[in-house]
Amino acid sequence: MSTRILIIAHAPLATALRDCAIHVFPECAEEVVAIDVPPQEAPEVTYACALQRLQSDRFLQTLVLTDVIGATPANVAQRLVNNKDAQLVAGVNLPMLLRTVCYRHEDLQALTRRALDGGTQGVMQLSSSSE
């Protein structure tokens, strides 16, 4: 059984991240869902859209990835994971997403740890100017 991965972020970030993940792992298209939150959209509209997109008996657990703590996508995501078999991680980046897609068959707790590790290990300084 795979874990569904939901990306909910400011438009167009969620879709862009999903497209990148599917470019690398085309077989994961069904398991990765993107919800872009447009400017000025009411949180209730985003929440209703997210609930509709998540209706599937195939997935028993969901890892939700969002961009900025305290912003509308994260606030909606927090409502989505309440009382569900789901985890929420903020600060989504491409290394985090690729790590979770690669290990999407692991249990939710292990996958959450992989997301956090992938996100932090994927950020590093590669070069510096010598002054």
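Remember, predicted model here, so these are calculated numbers, not experimental data.

(A) Representation of the environment of D36 in the model. By the element assignment, D36 lies in strand 2 (residues 32-37). On a C-alpha basis, the gap between D36 and T100 in space is 19 Å, while along the polypeptide they are 64 residues apart. Beyond its immediate sequence surroundings of up to four residues, D36 is in contact with A9, H10, A11, P12, L13, A14 and T15. Of the polar contacts made by the side chain of D36, one reaches the backbone nitrogen of A14; its length is 3.0 Å. Only 2.3 Å separates the side chain of D36 from the side chain of T15, close enough to count as a polar contact.

(B) Structural context of the layout of surface pockets. Approximately 230 Å³ is the volume found for the largest pocket. Along the walls of the largest pocket sit 16 residues, with R4, L54, T62, L80 and K84 positioned nearest its centre. Secondary-structure elements contributing two or more residues to the lining of the largest pocket are strand 1 (4-10), strand 3 (62-66) and helix 3 (72-81). For the lining of the largest pocket, a count of residues per class yields 9 nonpolar, 4 polar and 3 charged.

(C) Representation of the pairing of strand 2. Of all 6 residues in strand 2, 5 are buried, a share of seventy percent or more. Summarising the sheet, strand 1 and strand 2 pair through 6 bridges and their orientation is parallel. Its bridge partner lying in strand 2, I7 is registered against A34. Crossover connection from strand 1 via helix 1 (residues 13-24) to parallel strand 2: handedness right-handed.

(D) Broad picture of the nonpolar core. Counting 21 residues, the largest nonpolar core has L63, L65, L97 and V101 as its most contacted members. The element best represented in this core is helix 1, accounting for 4 residues. In this structure, A50, L54, A77 and V81 belong to the second largest nonpolar core, which totals 14 residues.

(E) Quick peek at the packing of aromatic side chains. Across all of its chains, the model carries 0 aromatic pairs by this definition. For the cation-ring pair, R79 lies above Y47, with the distance from its terminal atom to the ring centre recorded as 3.7 Å. Seen from the ring of Y103, R114 lies directly overhead, with NZ or CZ sitting 3.5 Å from the centre.

Basis of the calculations
Residues numbered from 1 in each chain as written. Predicted model: local features only at pLDDT ≥ 70, side-chain atom pairs only at ≥ 80, totals over all residues. Heavy atoms only, no water. Helix = DSSP H or I, 4+ residues; strand = E, 2+ residues; numbered from the N terminus. Contact = heavy atoms within 4.5 Å. Polar contact = N/O pair within 3.5 Å; in protein donor to acceptor, adjacent residues only side chain to side chain. 1 Å grid on protein atoms, 1.4 Å probe; cavity = no way out; pocket = protein on both sides within 12 Å on 5 of 7 lines; lining within 4 Å. Points joined across faces, edges and corners; volume = space filled by probe spheres on them. Nonpolar A, V, L, I, M, F, W, Y, C, P; charged D, E, K, R; others polar. Buried < 20%, exposed > 50% of the residue type's maximum accessible area, 1.4 Å probe, protein only. Pairing = 2+ DSSP bridges. Right-handed = clockwise from strand over helix to strand, strands pointing away. Core = buried A, V, L, I, M, F, W, Y, C linked by side-chain atoms within 4.5 Å. Phe/Tyr/Trp six-rings, centres within 6.5 Å; stacked < 30°, edge-to-face > 60°. Lys NZ or Arg CZ within 6 Å of the ring centre and 35° of its normal.

On their own, these measurements won't tell you what the molecule is for.
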